[in-house]
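Per-entry structural report
Here is what each chain is made of, one letter per residue.
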Amino acid sequence: MHGAPMTSVAQRTTPVPRLSLADTAPASDEPPSASLRATDAPDQAVHDLKDPWLGRLIDQRYRLESLLGHGSTGRVYRARQERTDRSVAVKLLHESLSHDAASVRRFQREARIACRVNHPNAITVHDCGITEDGRCYLVTELLEGDTLRAVLDREGLLPPERALALFRGILGGVAAAHAKGVIHRELHPGNILICGPGQTEEHVKVFDFGGARLQDSDGDTDVTGAGHLDLSHLLGRVRYLPPERLQRDCRPDLRSDVYALGLILYELCTGVHPFDDADDPLLLMAMQLNRPPPLLREVRPERWFAPALQGLLAQLLAKNPDERPANACEVAQRLQHLEQMGALLSERPLADPDDEELELEMEALPADESGEPPKLRAARTAPAPLPGLIEPAV
């Protein structure tokens, strides 16, 4: 296990954890800070003494024990459920927003939508309600670990087996949401928690459904009443937004999440974002709209990538949503099929990675008697299948 301290789901940025597990504030993909260390305890204790909610019993059920973090919509506390003695996380809507009808509706919608998603790879919502003095609250499972953003920033390029295993977990949580018609809309490595990072049994949790919408709902768009694209709440998330979110009259659907999944898979495979060379949001927007991502082997020539993996990424990252898989469930099925055919990536490159003609010839060969397509590795010096590949949980 790595020596760096872990982050709770509610903790982001310094000096005070900023974004909660279900925050609806404009998201950022900046790396989260580590959880509070012993040297931070005095300042945190002073901060806690000024919080009138610490020690209070919410709705006669949840005792608030410590502040985990806060964002633009609320504060998140570690709490204990009195009757069951279970530790939970409680998000409390800010008082200033409790009198705003739109904010209350958004908070309540978050709770309703998140409750629809029941899967080991998605955060579990236990309860929601209103305090005696009219503050909305949301209760979720209490999770500790590192966000995928923190893991990638700390470790860089991940081993192939681990990268694929993490992506399968992410797919499981997002596919469960898509199966219920839930569009996450804010998928990025900062909203994915790795419980037990670096351990043998890592577990993935997709969280922060604050911006989620239902597929069949009218929802809101990113366009103002005057017909202008409203980027005020998007610039922090441009790195993982699909091209259609940057255009007028956009109503994101499940395929918008698929594009974000493609960016996450790309980063897991290469250790970098495909448009990392963009040094300002406007340039990044232009790349998202017009520039195809570099080929995997161009970014990491020291690795071997199956043509099928590059093909899958091309589909996920298609600029036109009509050219992408319909949802994460379909992506999981395609990935499972490809993994059954053989290795998708390896630390070792092919003997002749520039021989594209042989790749095309092998892909054009008919299936053998068993119906299984021919494998490129059978005709070339290529890696053996990765051990321990498991089926994605859908």
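What about empty space enclosed by the protein?
Here the structure, examined in full by the defined rule, presents two cavities of 30 Å³ or more. Its volume calculated, the largest cavity comes out at about 90 Å³. In terms of lining, the largest cavity is formed by 13 residues, of which the most central are Arg185, Glu186, Leu187, Tyr240 and Leu241. Residue composition of the lining of the largest cavity, grouped by class: six nonpolar, two polar and five charged.

A closer look at the pairing of strand E7 (residues 136-141)
By the criterion of burial, E7 is predominantly enclosed, with six of the six residues buried. Alignment of strand E5 (residues 86-93) against E7, held across five bridges, turns out to be antiparallel. If you follow Lys91 over to E7, its bridge partner there is Leu138. Bridging between strand E6 (residues 125-130) and E7 involves five bridges; their strand directions are antiparallel. Opposite Gly129, over in E7, you have Tyr137 as the bridge partner. The antiparallel hairpin formed by E6 and E7 contains five residues in its connecting segment, where Gly134 sits at a positive phi of about 90°.

What to know about the sheet that holds strand E3 (residues 62-70)
Strand order in the open sheet formed by six strands is E2-E3-E4-E5-E7-E6, and the pairing between neighbours is antiparallel. Each edge of the sheet is formed by a strand with only one pairing partner; in this case those strands are strand E2 (57-58) and E6. Where E2 lies against E3, two bridges are found, and the strand directions are antiparallel. Considered in E3, the bridge of Ile58 is made with Tyr62. Contacts from helix H3 (residues 101-116) reach E5, E6 and E7 within the one sheet, and its direction differs from that of E7 by about 25°.

Focus on helix H7 (residues 281-290)
Three- or four-residue spacings in an α-helix give side chains the same orientation, since the helix completes a turn every 3.6 residues. For H7, the complete set of buried residues consists of Leu284, Met285, Met287 and Gln288. Down the axis of H7, the sector holding all buried residues measures 160°, keeping them to one side. Across H7 from its buried face, at more than 90 degrees, point the exposed residues Leu282 and Asn290. Next to the buried residues of H7 lie helix H6 (254-270). Its side-chain oxygen placed 3.0 Å from the backbone nitrogen of Leu282, Asp280 serves as the N-cap of H7.

Points about helix H9 (residues 307-316)
Every buried residue belonging to H9 is among Leu309, Leu312, Leu313 and Leu316, and all of these are buried. Along the long axis of H9, the arc covered by the buried residues comes to 100°, so they all point the same way. Those residues of H9 that are buried are in contact with H6, helix H8 (296-299), strand E13 (304-305), helix H10 (328-341) and strand E14 (345-346).

Details of the packing of helix H5 (residues 160-179) against H10
Relative orientation of the contacting elements H5 and H10 amounts to 145°, with a least axis distance of 8 Å. Between H5 and H10 the crossing geometry is left-handed. Side by side, H5 and H10 meet where Leu164, Phe167, Arg168, Leu171, Val174, Ala175, His178 and Ala179 of the first sit next to Ala328, Cys329, Val331, Ala332, Leu335 and Glu339 of the second. The residue inventory of the contact of H5 with H10, partitioned by class, reads 11 nonpolar, one polar and two charged.

So, the environment of Leu97
Its location among the elements puts Leu97 in helix H2 (residues 95-98). Residues Leu97 and Arg135, 38 residues apart in the sequence, show an inter-C-alpha distance of 8.9 Å. Apart from residues lying up to four places away in sequence, Leu97 is in contact with Ser72, Thr73, Ser103 and Val104.

Some remarks on the packing of aromatic side chains
Under the counting rule described, the total for this entry stands at one aromatic pair. Their ring planes at 65° and their centres at 6.1 Å tell us that Tyr62 and Tyr137 sit as a pair that is edge-to-face. Placement of Tyr62 in strand E3 and of Tyr137 in strand E7 is noted, with a sequence separation of 75 residues between them. On the basis of relative accessibility, which here comes to 2%, the residue Tyr62 falls in the buried class. Against the face of Trp53 rests Arg56, its NZ or CZ located 3.9 Å from the ring centre.

Observations concerning the confidence of the model for the protein
Residues of the protein with pLDDT of at least 70 account for 70%, and the chain-wide mean is 77. Contacts from residues 221-228, a stretch scored under 50 in pLDDT, to residues over four places away or in other chains number 18 contacts.

Calculation rules
- Residues numbered from 1 in each chain as written.
- Predicted model: local features only at pLDDT ≥ 70, side-chain atom pairs only at ≥ 80, totals over all residues.
- Heavy atoms only, no water.
- 1 Å grid on protein atoms, 1.4 Å probe; cavity = no way out; pocket = protein on both sides within 12 Å on 5 of 7 lines; lining within 4 Å.
- Points joined across faces, edges and corners; volume = space filled by probe spheres on them.
- Nonpolar A, V, L, I, M, F, W, Y, C, P; charged D, E, K, R; others polar.
- Buried < 20%, exposed > 50% of the residue type's maximum accessible area, 1.4 Å probe, protein only.
- Helix = DSSP H or I, 4+ residues; strand = E, 2+ residues; numbered from the N terminus.
- Pairing = 2+ DSSP bridges.
- Contact = heavy atoms within 4.5 Å.
- Axes fitted to C-alpha atoms, helices over the stretch in contact; angles between N-to-C directions.
- Arc of directions from axis to C-beta.
- Polar contact = N/O pair within 3.5 Å; in protein donor to acceptor, adjacent residues only side chain to side chain.
- Left-handed = near helix turned anticlockwise from the far one by under 90°.
- Phe/Tyr/Trp six-rings, centres within 6.5 Å; stacked < 30°, edge-to-face > 60°.
- Lys NZ or Arg CZ within 6 Å of the ring centre and 35° of its normal.
- pLDDT = per-residue confidence, 0-100.

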